[in-house]
Amino acid sequence: MKKIAFLMGVLALGALALAASGEQVYAQCAGCHQANGQGVPGAFPPLAKELPLIVAKGDAGRQYLIQVVLFGVQGPIVAQGKTYNSAMPPYGHLSDADVAAVLNYALTAWGNDKLLPKGFKPLTAEEVKALRATKLSPQQVFENWKKLGLK
């Protein structure tokens, strides 16, 4: 019984470390997307209330979010009915685990967790690794955004 309690404690600490890691990585994003995920009008889109809409698009939405972080995006993005037209630089220097952690943090922060589609599963480092090999330009990532049909 003590072993089970110990293992449960270790697992809980591991989950907390992942959440803290995602929040720590997000510090690099907060300058543009703001600490509250609201973005900057006209320049940087909000992540709050927007990211759940993207993952609701299924695999294409999950892949798009990963591609944005790895390869950046350039083009006029519409989020919550408003246009944002600044380029996001690539963050491909982040590890696969850090990309997954920061996206999972943003997907569950600022009330996004209540808006996620039923059955949502966190993004994984394996998903990131698989997409890293595609080597897209920021403009190609923007083309993938257009295919999602978001407005």
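Residues numbered from 1 in each chain as written. Predicted model: local features only at pLDDT ≥ 70, side-chain atom pairs only at ≥ 80, totals over all residues. Heavy atoms only, no water.

## Some points on the nonpolar core
Threshold: By nonpolar core is meant a set of buried Ala, Val, Leu, Ile, Met, Phe, Trp, Tyr and Cys residues that side-chain atoms within 4.5 Å join together. Only protein chains enter the accessibility calculation, which uses a 1.4 Å probe. A residue is then buried if its area is under 20% of the maximum for its type, exposed if over 50%, and partly exposed in between. Helix numbering and strand numbering both begin at the N terminus, where a helix is a DSSP run of H or I of at least 4 residues and a strand a DSSP run of E of at least 2. Here, two residues are considered to be in contact whenever any of their heavy atoms come within 4.5 Å of each other.
Membership of the largest hydrophobic core comes to 37 residues, with the highest contact counts inside it found for Tyr 64, Leu 65, Val 73 and Leu 103. Mapped onto this core, the elements with two or more residues apiece are helix H1 (2-26), helix H3 (51-55), helix H4 (59-71), helix H5 (96-108), helix H6 (125-132) and helix H7 (138-148). If sequence neighbours within four positions are ignored, Val 73 has contacts with Tyr 64, Val 68, Ser 86, Ala 87, Met 88, Pro 138, Val 141 and Phe 142.

## Digging into the environment of Ala 60
Assignment of secondary structure puts Ala 60 in helix H4. According to the relative accessible area criterion, Ala 60 is partly exposed, its value standing at 42%. Measuring from C-alpha to C-alpha, the distance between Ala 60 and Leu 148 comes to 7.2 Å, with 88 residues separating the pair along the chain.

## Quick notes on the packing of aromatic side chains
Heads up, the rule is: Paired rings are identified among Phe, Tyr and Trp, the last through its six-membered ring, by centres lying within 6.5 Å, and are further divided according to the angle between planes into stacked (under 30 degrees), edge-to-face (over 60) and tilted (the rest).
Overall, the coordinates contain four aromatic pairs when judged by the stated rule. With a centroid separation of 5.7 Å and an interplanar angle of 15°, the aromatic rings of Phe 142 and Trp 145 are classed as stacked. With Phe 142 and Trp 145 both in helix H7 and three residues apart, this pair spans about one turn of that helix. The exposure classification of Phe 142 matches that of Trp 145, with both residues buried. Site record: aromatic cluster; members linked through ring pairs are Tyr 26, Tyr 105 and Trp 110.

## Brief notes about the pattern of salt bridges
This is how it is decided: We define a salt bridge as a contact between a side-chain nitrogen of Lys or Arg and a carboxyl oxygen of Asp or Glu at a distance within 4 Å.
Scanning the model with the defined rule gives three salt bridges in all. Two residues, Asp 96 and Arg 132, come together in a salt bridge whose shortest N-O distance is 2.7 Å. Highlighted residues: Asp 96 in helix H5 and Arg 132 in helix H6, separated in sequence by 36 residues. Glu 143 is paired through a salt bridge with Lys 146; the nearest N and O atoms lie 3.1 Å apart. Taken together, the positions of Glu 143 and Lys 146, both in helix H7 and three residues apart, correspond to about one turn of that helix. For Lys 146, a relative accessible area of 44% gives the class partly exposed.

## Examining the environment of Val 25
Mapped onto the elements, Val 25 comes out in helix H1. Residue classification places Val 25 among the buried residues on the basis of a relative accessible area of 8%. Between the alpha carbons of Val 25 and Leu 103 there is a distance of 9.4 Å; along the sequence they are 78 residues apart. With near-sequence residues (within four places) excluded, Val 25 lies in contact with Leu 94, Asp 98 and Val 102.

## Digging into the environment of Leu 94
Counting through the fold element by element, Leu 94 comes out in the loop between strand E2 (82-84) and H5. Aside from chain neighbours lying at most four places away, what touches Leu 94 is Val 25, Gln 28, Val 69, Val 99 and Arg 132.

## Focus: unusual backbone geometry
Here the phi dihedral of Trp 110 falls at roughly 55°; this positive angle occurs in a residue that is not glycine. Mapped onto the secondary structure, Trp 110 falls in the loop between H5 and H6.

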